[in-house]
Amino acid sequence: VVECSALLEVLCGKCRYQDAILLYKTMVRLGAVDSVTYWKLLRPLCKAKMLEESLEVMRDARTLGVNLAVALQNKVVMALCRAKRLDDALGVYHEIQTPDFYTYTSLVQGLCRVRRMEDAFFYMNEMVSKGLFPDVHTFTSLIHGLCVANRIQEARALLEQMVDKGLNPTSVTFTVLIDGLCKGGMVDEALALLQRMLQRSCDPSVFTYNILIHGLCKAQRMDDAYKVLEEMLLGKGACAPDIFTYTTIIDGFCKAKRSDEAFRLMERIAAKGLCPDVVTYSTVIDGLCKEDRLEEAVGVFASMKDKGCAPNTVTYNSIIGGLCRAGRMDRAMIMLASMREEGCTPDLKTYTSLVSGFCKKNQVDTACGLLVEMAGKGLVPDVVTLTTLVDGLCKDGKLDEAAGLIRTMSKRGCTPT
RNA sequence: GGUUGAAUGAUGACGCAGU
C-alpha cells in the first residue's frame, strides 16, 4: 500500500492522472488502499480540476469505509465551488462529519459567486453557530454578491457589521461596495466611501479609482471624474493612473461632447509613459463618428495603424456605424471588405449597422441580402438586427413582409439580450 | 491545513421621454 501510494504521487506529479487512476483501481481490487492513498490521489486530482474523477474516487472511499480527513474533503468541496458546481459541493459537504472553517468558507464564497445569496447566508449562519467566524474575504464575497443582486443597502449594512466585529475591510471590500454604489446610481455615496477609505488609511487601488471614475462618467459628472483623476495624480491617495483610467475618462468626455478635453487627455497618455491601445483608439474613433466628424475619425483610424496598433472588430464597428449613419454605404462596404482582409470578423453589430444604413437609403432588398449573407456565415440575427429590418420594411411600406418577420421572430423565441 | 475574496475601459436597431 505504501509503495503504491507513493507511486500514485509520482504519477500525479507527472500529470499522468489516467495512469494514476488505473493504478488506484488495481489497488482497490486488491483491497490495498488506506487514507494515505486517498491523499496522494485526491489532492492532485482536485488540483487538476478533474472533478468527476474526484467525486468517483470519493465515493469509493465511502464504500470501502476509508475515512477521509476533513482537509482532504475540503479539497473536493473547494474544487467543486471553483467550478461553480455548488450542488455537488453541498453534496460532499453533507458527507463531512465535522465541517470546519475552510469547508464553510468555500461554500459561502462559492454560493456568492453563483449568486445564491440566501443559501450563502444560511451557511454563514450555520458557520457562526458552530463558533467559526467568517473572515474579511468571506464578508467581501457576501458584500459583492449583495451588490450584484442590487441589494446595496444590505451590502452597506454588512460592511458596518464587519467593522463592528473588528474586521478590517480591505481595499477590495471597499472597491466592491464602491462599484455597487455607482451601479446603483449612488455616486455621492461612492465618493464618500472613498473618503472613508482614505481616513482609515486603506489605500485605494487603481481599480478603486477606475471604478469610481467610470461611475462618475456614466452619471455624466465629468468634472467630478476629472477631479478624481487629479486626486490620483497629486492627491493624498496618490496612485498612478493606467490606460484604463485614461480610456474611461476619454470616453466620458467624448460622450459628453467634450472631445477637445478628450484629445487633451489623449496627449497626456504618452507623457505618462503609457500607450493608447486599441480600446483607447476605438473610443476616440467612436466619439468622433458620433459627433459626425467622420473624416477625423478615419484620420485617427489611419494613425493608429501607423503606430502599429491593429484595429479590431469594435474599431471597425464604430467606423462602419459612423459611415452608415452618414449614409455613406459605399464606403461602409469598402470598410467591411478591409475588415475581413485584416482578419477581423464582422459580428451582429457590424451587420445591424449595415442593415440599418441600407434601410435608411430605401435599399431594403440589399439589407435583406445581408441577412442571407449572415446566414451563410452561421451568424444568427438577434432581436436588434431583426427589429432593424422590421423597421426598414415598415418604412418601405412592406407591411406584410414585416409582419411575417415578426411571426418568425416569435416562433424562434427571439428575445432581447 | 493548503491556492480562501472582488473589481475597472470602447461598438448595433427601434421605442419611450424630452426638444
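Residues numbered from 1 in each chain as written. Chains lettered and ligands numbered in written order. Predicted model: local features only at pLDDT ≥ 70, side-chain atom pairs only at ≥ 80, totals over all residues. Heavy atoms only, no water.

Draft legend 1. Region of the structure containing the packing of aromatic side chains. The final tally for this structure, using the stated rule, is 7 aromatic pairs. Here the aromatic rings of phenylalanine 122 and tyrosine 123 are separated by 4.9 Å at their centres, their planes lie at 85°, and the arrangement is edge-to-face. Classification of phenylalanine 122 by relative accessible area gives partly exposed; the value is 44%. Clustering of aromatic rings is evident, with ring pairs tying together Tyr93, Tyr104, Phe122 and Tyr123. (Phe/Tyr/Trp six-rings, centres within 6.5 Å; stacked < 30°, edge-to-face > 60°. Buried < 20%, exposed > 50% of the residue type's maximum accessible area, 1.4 Å probe, protein only.)

Draft legend 2. Representation of the side chain of threonine 247. When you line up the elements, threonine 247 lands in helix 15 (residues 243-255). Excluding its chain neighbours within four sequence positions, the residues that come into contact with threonine 247 are Val279, Thr280 and Thr283. (Helix = DSSP H or I, 4+ residues; strand = E, 2+ residues; numbered from the N terminus. Contact = heavy atoms within 4.5 Å.)

Draft legend 3. Expanded view of the protein's contact with RNA strand B. In the vicinity of RNA strand B there are 55 residues, among which Asp100, Tyr102, Gln109, Phe207 and Asn210 approach most closely. Counting only atoms of RNA strand B within 4 Å of the protein, the fraction found in sugar and phosphate groups is 39%. For RNA strand B, a base oxygen lies 2.5 Å from a polar atom in the side chain of asparagine 210. A distance of 2.9 Å is found between a phosphate oxygen of RNA strand B and a side-chain nitrogen or oxygen belonging to lysine 255. For the surface near RNA strand B, the per-class residue count stands at 13 nonpolar, 25 polar and 17 charged. (Near = heavy atom within 4 Å. Polar contact = N/O pair within 3.5 Å; in protein donor to acceptor, adjacent residues only side chain to side chain. Nonpolar A, V, L, I, M, F, W, Y, C, P; charged D, E, K, R; others polar.)

Draft legend 4. Up close: the packing of helix 22 (residues 364-376) against helix 23 (residues 383-395). Following both chains from N to C, one finds helix 22 and helix 23 inclined at 155°, their axes separated by 10 Å at the closest point. One finds that helix 22 runs roughly antiparallel with respect to helix 23. The two elements helix 22 and helix 23 meet at a crossing, and its hand is left-handed. Between helix 22 and helix 23, the contacting residues are Val364, Ala367, Cys368, Leu371 and Met374 on the first element and Thr385, Leu386, Leu389, Gly392 and Leu393 on the second. Its residues placed into classes, the contact of helix 22 with helix 23 shows 8 nonpolar, 2 polar and no charged. (Axes fitted to C-alpha atoms, helices over the stretch in contact; angles between N-to-C directions. Parallel < 35°, antiparallel > 145°, perpendicular 65-115°, else oblique. Left-handed = near helix turned anticlockwise from the far one by under 90°.)

Draft legend 5. Structural detail: the pattern of salt bridges. Counted by the stated rule, this structure contains 27 salt bridges. Salt-bridge contacts for arginine 293 lead to glutamate 296; the nearest nitrogen and oxygen are separated by 2.8 Å. Given a relative accessible area of 25%, arginine 293 falls into the partly exposed group. On the accessibility criterion, glutamate 296 (39% relative accessible area) is partly exposed. A salt bridge links glutamate 373 to arginine 340; the nearest nitrogen and oxygen atoms lie 2.8 Å apart. Highlighted residues: glutamate 373 in helix 22 and arginine 340 in helix 20 (residues 329-341), separated in sequence by 33 residues. Glutamate 373 sits in the partly exposed class, given a relative accessible area of 29%. (Salt bridge = Lys/Arg side-chain N within 4 Å of Asp/Glu carboxyl O.)

Draft legend 6. Spotlight on the environment of leucine 42. Within the element layout of this structure, leucine 42 appears in helix 3 (residues 35-47). What makes leucine 42 buried here is its relative accessible area of 0%. Separated by 34 residues in the primary sequence, leucine 42 and valine 76 have C-alpha atoms spaced 7.9 Å apart. Non-local contacts of leucine 42, meaning those with residues more than four positions away in its chain, are made with Ser54, Val57, Met58, Leu68, Leu72 and Val76.

Draft legend 7. Up close: the nonpolar core. With 134 residues, the main nonpolar core has Tyr38, Leu107, Leu142, Ile143, Ile320 and Leu389 as its most contacted residues. When residues no more than four places from it in sequence are discounted, the contact partners of leucine 107 are Val77, Cys81, Leu86, Ala89, Leu90, Tyr93 and Tyr123. (Core = buried A, V, L, I, M, F, W, Y, C linked by side-chain atoms within 4.5 Å.)

Draft legend 8. Geometry of the packing of helix 5 (residues 70-82) against helix 7 (residues 101-113). The N-to-C vectors of helix 5 and helix 7 enclose an angle of 5°; their axes lie 9 Å apart at closest approach. The angle between the axes of helix 5 and helix 7 places the two elements in the roughly parallel class. Within the contact between the two elements, helix 5 uses Val70, Asn74, Val77, Met78, Cys81 and Arg82 and helix 7 uses Tyr102, Thr103, Ser106, Leu107, Gly110 and Arg113.

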